[in-house]
Amino acid sequence: MKAQKTHNIYNPKMECMSREERRKLQGERLRATVQLEYDNVPLYRARMDAKGVKPEDIKSIDDLKLLPFTEKTDLRDEFPFGLFASPKKDIIRIQGSSGTTGKPIVAGYTQNDIDVWTEMVARAMTAAGGGPDDIVQIAYGYGLFTGGLGAHQGAQQIGAMVVPMSSGNTQRQIMMMHDLGATMLCCTPSYATYLGESIREMGIPISEFKLKSGCFGAEPWTEGMRQRLEELLDIDACDIYGLTEIGGPGVAFECLEKDGMHVNEDHVIAEIIDPVTEEQLPYGTPGELVFTTITKTGMPMIRYRTHDICTLSDKPCACGRTTIKMSRITGRTDDMLVIRGVNVFPSQIESVLVGMEGVAPHYMLVVDRINSTDKLEVQVELTEEMFTDKVGEIEGLRNQIADKIKSVVGISAKIQLVPPRTIPRSEGKAKRIIDNRKL
Ligand code: DLL
């Protein structure tokens, strides 16, 4: 049963204000954020000083381009607390995601930040047709990953009945969804599709479920996947975007028009830049998405480079919200993979392999989507010695690599050990990823 196409709006004042009014608000909030960073975060002060910019130079959002960028590597270098702009006693939550080296990057949230984030998700759930009468099953992972707790807080905020399942345990997930009559589902689109396929395999008619819609994100997906998911579960599937560094899910979300994601612009400023020249690009031109938070106090971010590629649009939406919208993410400018919602960098795999006896530092990551579930295969080249003299040890080596990858990256991978010199060598940038998912 699909959601009724009503356009309920959680915070009409903020979501429907005139563009001019919002720009003014963004300018004021940006200025306050920059001051907070300059006064409290040595890295930002040093970067602004190096560019000759002072907080008082930021008078409106047109001055954003004067400010320095922030990268994921900055979070790693300043790990764990170097980018906090508030005293540690005011930080009430840590969330995290994978960094480039296997060490997680963490973000700290004050009570204010949790409130802001909660409202962003509440807006998303309302836009997907949610309200106090709903039973919301959360099948994003709970823990450092922002998906589970983020969706949980938002669902609670709209007064829904929350079912905090976390991810996995598919049979139990389906049983609860069925018996409790969950009306909304929140998880990655690939897991939702897998749930739909499993329901079919179990032979339970979809008419026995009460699901009507859901907020699906944390990984790239396509219109084709949306159609499949909507058919399988007989729901309206809305996209939801976010990242740990900026505040988790809810940074942008689709309404039931399903035509791009509304950016929560009273809390973040979105820009699209050319990833090479770093110049701002106009609406409609694809480029790298950059966010500046303007209401966070724990770990605000200035011009954070997401490396996600999309377009922005200021075309009006039939739902009545006046915010700009971002398109689906069509790719990334770096080599981060998102597999089953988990961020994976080839460098993490490399850190596991380098120095391990019996393997050469040549590897390839092959990603496939089988039965709607992402599968990672890591092909690893054996050394000549291992291949010819120590064949008996190969099975042990395979298990050792698999265990290490699981503990460093957080997901399991199939390990394929291949003979020496079989992984193609490159003369330029090494190609370490074969992504067969056709996203
Ligand atoms: O994935 C937050 C989230 C949780 C979003 C639940 C939506 C739902 P991270 O683990 O920090 O945070 O990963 C962020 O995931 O830079 C994108 O590359 C990718 N991503 C997130 N949402 C989407 C989406 C969460 N809707 C990284 N479409 C981001 C495509 C997405 N990619």
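Please read these numbers as outputs of a predicted model, since none were measured by experiment. (Residues numbered from 1 in each chain as written. Predicted model: local features only at pLDDT ≥ 70, side-chain atom pairs only at ≥ 80, totals over all residues. Heavy atoms only, no water.)

1. So, the pairing of strand β11 (residues 287–293)
Regular strands show a simple pattern: their side chains alternate between the two faces of the sheet. Counting buried positions along β11 yields seven of seven residues, so the element is predominantly enclosed. Note that strand β10 (residues 268–273) and β11 share six bridges and pair antiparallel. Of the residues in β11, the one forming a bridge with Glu-271 is Val-290. Two strands pair when backbone bridges link them, and β11 and strand β12 (residues 304–310) are joined in this way by four bridges, in the antiparallel orientation. Note on β12: the bridge partner recorded for Gly-287 is Cys-310. (Buried < 20%, exposed > 50% of the residue type's maximum accessible area, 1.4 Å probe, protein only. Helix = DSSP H or I, 4+ residues; strand = E, 2+ residues; numbered from the N terminus. Pairing = 2+ DSSP bridges.)

2. Describing the domain arrangement of the chain
Domain annotation of the chain identifies domain 1 (12–334) and domain 2 (339–435). Here the C-alpha centroids of domain 1 and domain 2 sit 31 Å apart. The interface is formed by 18 residues belonging to domain 1 together with 15 residues belonging to domain 2. Carbon and sulfur atoms supply 45% of the area that domain 1 and domain 2 bury against each other, a total of about 1100 Å² over both sides. Where domain 1 touches domain 2, the interface holds zero salt bridges. Applying the counting criterion to the domain 1 and domain 2 interface returns two residue pairs in polar contact (both at pLDDT 80 or more). Elements with a contribution of two residues or more to the side of domain 1 that touches domain 2: β1 (91–98) and α8 (189–202). Class assignment of the residues belonging to the side of domain 1 that touches domain 2 gives a composition of five nonpolar, nine polar and four charged. (Domains from an automatic or database assignment. Contact = heavy atoms within 4.5 Å. Buried area = accessible area lost by both parts, 1.4 Å probe. Salt bridge = Lys/Arg side-chain N within 4 Å of Asp/Glu carboxyl O. Polar contact = N/O pair within 3.5 Å; in protein donor to acceptor, adjacent residues only side chain to side chain. Nonpolar A, V, L, I, M, F, W, Y, C, P; charged D, E, K, R; others polar.)

3. Comments concerning the site of the ligand
Of all residues adjacent to the ligand, which total 23 residues, the nearest are Ala-218, Asp-239, Ile-240, Thr-244 and Asp-308. Take Thr-244: an N or O atom from its side chain is 2.6 Å from an oxygen atom of the ligand. At a separation of 3.3 Å, an oxygen atom of the ligand approaches a polar side-chain atom of Arg-332. When contributions to the shell around the ligand are tallied by element, the ones reaching two or more residues are α6 (146–157) and β7 (236–243). (Near = heavy atom within 4 Å.)

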